Amino acid sequence: MATLTELTDQLTSDPASWEGSPLISVSQISTSGLQLLFQTAQSMRSLVRSQGGDERLKRRVLASVFYEASTRTSCSFQAAMMRLGGTFIHVDGGKGGNTSASKKGESLEDTIKCLECYTDATVLRHPTTGSVQKVALGGGTVKPVINAGDGVGEHPTQALLDFFTIWDELGISLDVSGGEDVGEGKHEGPLVVVLLGDLKHGRTVHSLAKLLARSSLKHELVLRYCSPKALEMPEHVKDYVKDFPNAKQELYTDMIDAVKGAHVLYVTRVQRERFENPDDYNAVKGAYVVDKSLMDVAPSKMIVMHPLPRVDEISTEVDSDDRACYFRQMENGMFVRMAILALILGAP
Ligand code: CP
């Protein structure tokens, strides 16, 4: 079985490179692969809007296995499968409703090995960082495994839908040699992205920072990390980004300073479930709240994103602002996951 390093840039504009592949990390996706994915997601959006879906994944079955709570990732994958004529089985391995045989001591590898006897691919979320990679690349499984979030590690399909949303909303141009960018390409100058909140525990911001940095853009990339000291972006993410000369990293603690000249404000929830000591959570939980007063001083074209769920870090009064695009972002999740499933299951 290949290692993750061997899979770097493995997913390209050739649909054959996706077929049967696991999706563990954003490091697997080349810029031409992104272009194919974005084009496919756009056509999925048109398909859903015009006729609801089609039958290209008829008689294909997805295992949806979640050992941590989820609304968007689990439901959008399930809806994606059904919109393309397929179906799914769901295993809830979470603490509250664990109905899987892991309760009897079965290993994660054995559970997934069992499920793939019935299905064509697995979407897996697990609280242990690295666990999805271990299952997907450890040699025990033969069908593709898609990482739906591994602890504080990665959430690659979220990063893909996030980048699709940025590309789609702002008209970002990808630099694909020999290929024509499919975006409107209306964005000019650098792309300034503020990542705000719990950058320590937020796997979505880890994956998004890496994906934006590693992709060839026709724009300089400025990543502004704005967080309380205790929740700073981990060094391993900053070190990863450092290797890409087109990406600049800046640290902020004041969100009004951070949004000056920004094109994207990506807000994250302080993740209570990742704190061992409730006092540590209480000390940082209300550190940032995006409200009307911030939006009044923010750039007029800056989009506001959030992977959701939110707690109180974005006031609901912001929802009606045209710049708030987190619900559009969430809908894009289904289109991007339809594209991922179609490509991995060989029916783009
Ligand atoms: N954004 C995200 O991963 O949401 P869920 O936890 O609801 O899947």
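The structure we're discussing is the one just above.
Here is a short report on the structure shown in this document. (Residues numbered from 1 in each chain as written. Predicted model: local features only at pLDDT ≥ 70, side-chain atom pairs only at ≥ 80, totals over all residues. Heavy atoms only, no water.)

### What to know about the overall build of the protein
- Scanning the protein from N- to C-terminus turns up twelve helices and nine strands.
- A compact globule built from 348 residues would reach a C-alpha radius of gyration of about 20 Å, and the protein, at 19 Å, matches this within 12%.
- Along the longest, intermediate and shortest principal axes, the C-alpha atoms of the protein span 55 × 50 × 40 Å.
- Buried residues in the protein amount to 57% of all 348 residues.
- Within the protein, contacts between residues at least 6 apart in sequence are counted, and of these 73% link residues at least 24 apart.
- Surface accessibility of the protein: about 14500 Å² in total, with carbon and sulfur atoms responsible for 49%.
- Each charge class in the protein can be summarised by its mean position, and for the 37 positive and 45 negative side chains these summaries are 4 Å apart. (Helix = DSSP H or I, 4+ residues; strand = E, 2+ residues; numbered from the N terminus. Rg over C-alpha atoms; globule rule 2.2 N^0.38 Å. Buried < 20%, exposed > 50% of the residue type's maximum accessible area, 1.4 Å probe, protein only. Contact = heavy atoms within 4.5 Å. Areas by Shrake-Rupley, 256 points an atom, 1.4 Å probe, with all protein chains shown as cover. Lys, Arg positive; Asp, Glu negative; His and termini not counted. Charge placed at Lys NZ, Arg CZ, Asp CG, Glu CD.)

### Brief notes about the packing of helix α2 (residues 31-51) against helix α12 (residues 326-344)
- At a minimum axis distance of 8 Å, the contact between α2 and α12 shows a crossing angle of 115 degrees. Relative to α12, α2 is oriented roughly perpendicular. Note that α2 runs across α12; the crossing there is right-handed. The segment α2 lies against α12, with Leu36, Leu37, Thr40, Ala41, Met44, Arg45, Leu47, Val48 and Arg49 engaging Glu331, Asn332, Met334, Phe335, Val336, Met338, Ala339, Ile340, Ala342 and Leu343.
- For the contact of α2 with α12, the per-class residue count stands at 14 nonpolar, two polar and three charged. (Axes fitted to C-alpha atoms, helices over the stretch in contact; angles between N-to-C directions. Parallel < 35°, antiparallel > 145°, perpendicular 65-115°, else oblique. Left-handed = near helix turned anticlockwise from the far one by under 90°. Nonpolar A, V, L, I, M, F, W, Y, C, P; charged D, E, K, R; others polar.)

### Describing the sheet that holds strand β4 (residues 145-150)
- If you trace the four strands from one edge of the open sheet to the other, you get β2-β1-β3-β4, paired in parallel fashion. Of all the strands in the sheet, just β2 (87-92) and β4 have a single pairing partner and so form its edges. In this sheet, neighbouring strand axes are inclined to one another by 15 degrees on average, regardless of whether the strands run parallel or antiparallel.
- With six bridges joining them, strand β1 (residues 61-66) and β2 adopt parallel strand pairing. Note that in β2 the partner of phenylalanine 66 across the bridge is aspartate 92. (Pairing = 2+ DSSP bridges.)

### Thoughts on the site of the ligand
- Surveying the vicinity of the ligand reveals the residues Ala69, Ser70, Thr71, Arg72, Thr73, Arg125, His155, Gln158, Pro307 and Leu308.
- In this structure, a nitrogen atom belonging to the ligand sits 3.0 Å away from a side-chain N or O atom of glutamine 158.
- A total of 260 Å² of accessible area belongs to the ligand in isolation, and the protein chains cover 91% of it.
- Residue classes in the shell around the ligand are distributed as three nonpolar, five polar and two charged.
- Shared between two domains, the shell around the ligand holds at least three residues of each, these being domain 1 (5-154 + 332-344) and domain 2 (156-329). (Near = heavy atom within 4 Å. Polar contact = N/O pair within 3.5 Å; in protein donor to acceptor, adjacent residues only side chain to side chain. Domains from an automatic or database assignment.)

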